[in-house]
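Each chain, written out:
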Amino acid sequence: MYHKSKILTGLAVFIIFMTYPFWNNIGSAAYVRPELEKVKKAKECVESVEFMRAEHMSMLNEWRDEVVRDASHEYHSTVNNSVYQKSLTKTCMDCHENKDKFCDKCHDSVAVDPYCWDCHVDPKGVQK
Amino acid sequence: MKTVRRDFLKVAAVTAFGWGICPTVKALASGGARPSEGLFFASRHAVHVGPNALKAQRWAMVIDTTKLNEKVVQDIVQVCHTTHNVPDISGQQNIKWIWEAPMENLFLDDLHEFQPESGAKTALALCNHCDNPPCVRVCPTKATFQREDGIVIMDFHRCIGCRYCMAGCPYGSRSFNFQDPRPFIAKTTPDFPTRTKGVVEKCEFCAERLAEGKMPACVEVSEGALAFGDLADPESEVRKLLAERFSIRRSPTLGTNPCVYYLV
């Protein structure tokens, strides 16, 4: 093998660099799902908890398009037969009042930064 | 029948020509529910009508310039701008949905210097919600679009801030957010979003209030100076006013067909 030492050194650097996230995290605590503030105002959400946990972002995207472009404001829930208004601030944040203790908790711990509140107003934030 | 090469080539040429112009014909003819829509007219978005919503075939506004006074104008501008979180920025970067302007600036073609002294000196200007809106036709992302009931509305989520619509609008009804508007909003209304830097905004005929069965905020506080209703309904308040009184529109010769009428 030509340039044996250079190739092996290069490979070693590459492998150490690529596996950095794994060995850097050895010994640190596993990911714990953040504890969210419980809602007192309503018994159930517009959909099941599992659905909301997995799909709330696509649901909000659909709501946004339907409200703005089709003027369709009523959401027919599939878990109970009620109709909700498709609105982040008027429906979601009516129950989940505290953005810091609900939305931000998960978003911060999984390091996502949705731009909803660049425009939409956190109703509690206004009063602060 | 024997096919001669000459005949075959003729048919082939006509077919190729027909095939070639097909996309053009489609572009001219399609794009909307009515045949007049397509390349030359903006297509219109169907509107879902909720249980409480006010509905119309063609929303329009009538402004009675004789009933406007300083207090009414101030109330109207203020209620509109607080309801919709419009920032208060002075200078050239100002943002306005409805504002007061001198008559001679509003009606470039219709007025002259010998108007009666008693006539209104100023009136309110807002988006005209044109029947043939240039802003909609130039928008590259369809962020601004026209609904079936005539309202020209913005989807702020889609606006990329290119400002073609501002160049297209002959009435100056659109404002651009050159900076984050939030520090300039004195009191934020949580029910309506603010905008961000790099987004165009304008009056939306209170589409969000119509969906809840409420009249536009400006009409409610106008003490009768503004009327709002269905232009297609002969019994509506706007049609009655237009039938009784002389009315003008802003620059109708441009062909935009504005739907805000001024009684003078």
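Note that the coordinates shown come from a computational prediction; the quantities given were computed from them, not determined experimentally.

Give me the lowdown on the pairing of strand E9 (residues 226-230) of chain B, citing residues and values where you can.
All names here are of chain B. With respect to burial, E9 is a largely interior element, 5 of its 5 residues being buried. One ladder, built from 5 bridges, connects strand E2 (residues 59-64) with E9; its direction is antiparallel. In the strand pairing of E9, Met61 is matched with Phe228.

An account of the sheet that holds strand E10 (residues 247-248) of chain B is needed here, citing residue identities and associated values.
Residue and element names in this part refer to chain B. If you walk across this open sheet you meet the 4 strands as E9-E2-E11-E10, and the pairing is mixed. Across the chains shown, the open sheet's two edge strands, defined by having one partner strand only, are E9 and E10. Seen against the sheet, helix H8 (residues 237-244) touches E2, E9, E10 and strand E11 (260-263) and runs at an angle of roughly 115 degrees to E9.

Please provide a residue-by-residue account of unusual backbone geometry, values included.
Residues and elements named next belong to chain B. If you check the backbone angles, His129 has positive phi at about 45 degrees while not being a glycine. On the secondary structure map, His129 appears in the loop between strand E4 (122-126) and helix H4 (134-138). Notably, Asn257 is not glycine yet its phi reads approximately 55 degrees, a positive angle. Within the secondary structure, Asn257 is located in the loop between E10 and E11. With 14 C-beta atoms counted inside 10 Å, the residue Asn257 sits in the partly exposed group.

Give a description of the nonpolar core that names residues and reports values.
In terms of nonpolar packing, the biggest core is built from 59 residues, with Met61, Ile63, Ile98, Leu124, Leu126, Ala207 and Leu226 of chain B touching the most fellow members. Ranked by the residues each element gives to this core, the list is headed by E2 of chain B, at 5 residues. Other than its neighbours up to four places away in sequence, Leu226 of chain B contacts Met61, Ile63, Cys218 and Val219 of chain B. Listed in part, the 6 residues of the second largest apolar core include Cys45, Val46, Trp63 and Val68 of chain A.

About the thresholds
- Residues numbered from 1 in each chain as written.
- Chains lettered and ligands numbered in written order.
- Predicted model: local features only at pLDDT ≥ 70, side-chain atom pairs only at ≥ 80, totals over all residues.
- Buried ≥ 20, exposed ≤ 12 C-beta atoms within 10 Å, placed from the backbone.
- Helix = DSSP H or I, 4+ residues; strand = E, 2+ residues; numbered from the N terminus.
- Pairing = 2+ DSSP bridges.
- Contact = placed C-beta atoms within 7 Å.
- Axes fitted to C-alpha atoms, helices over the stretch in contact; angles between N-to-C directions.
- Core = buried A, V, L, I, M, F, W, Y, C linked by C-beta atoms within 7 Å.

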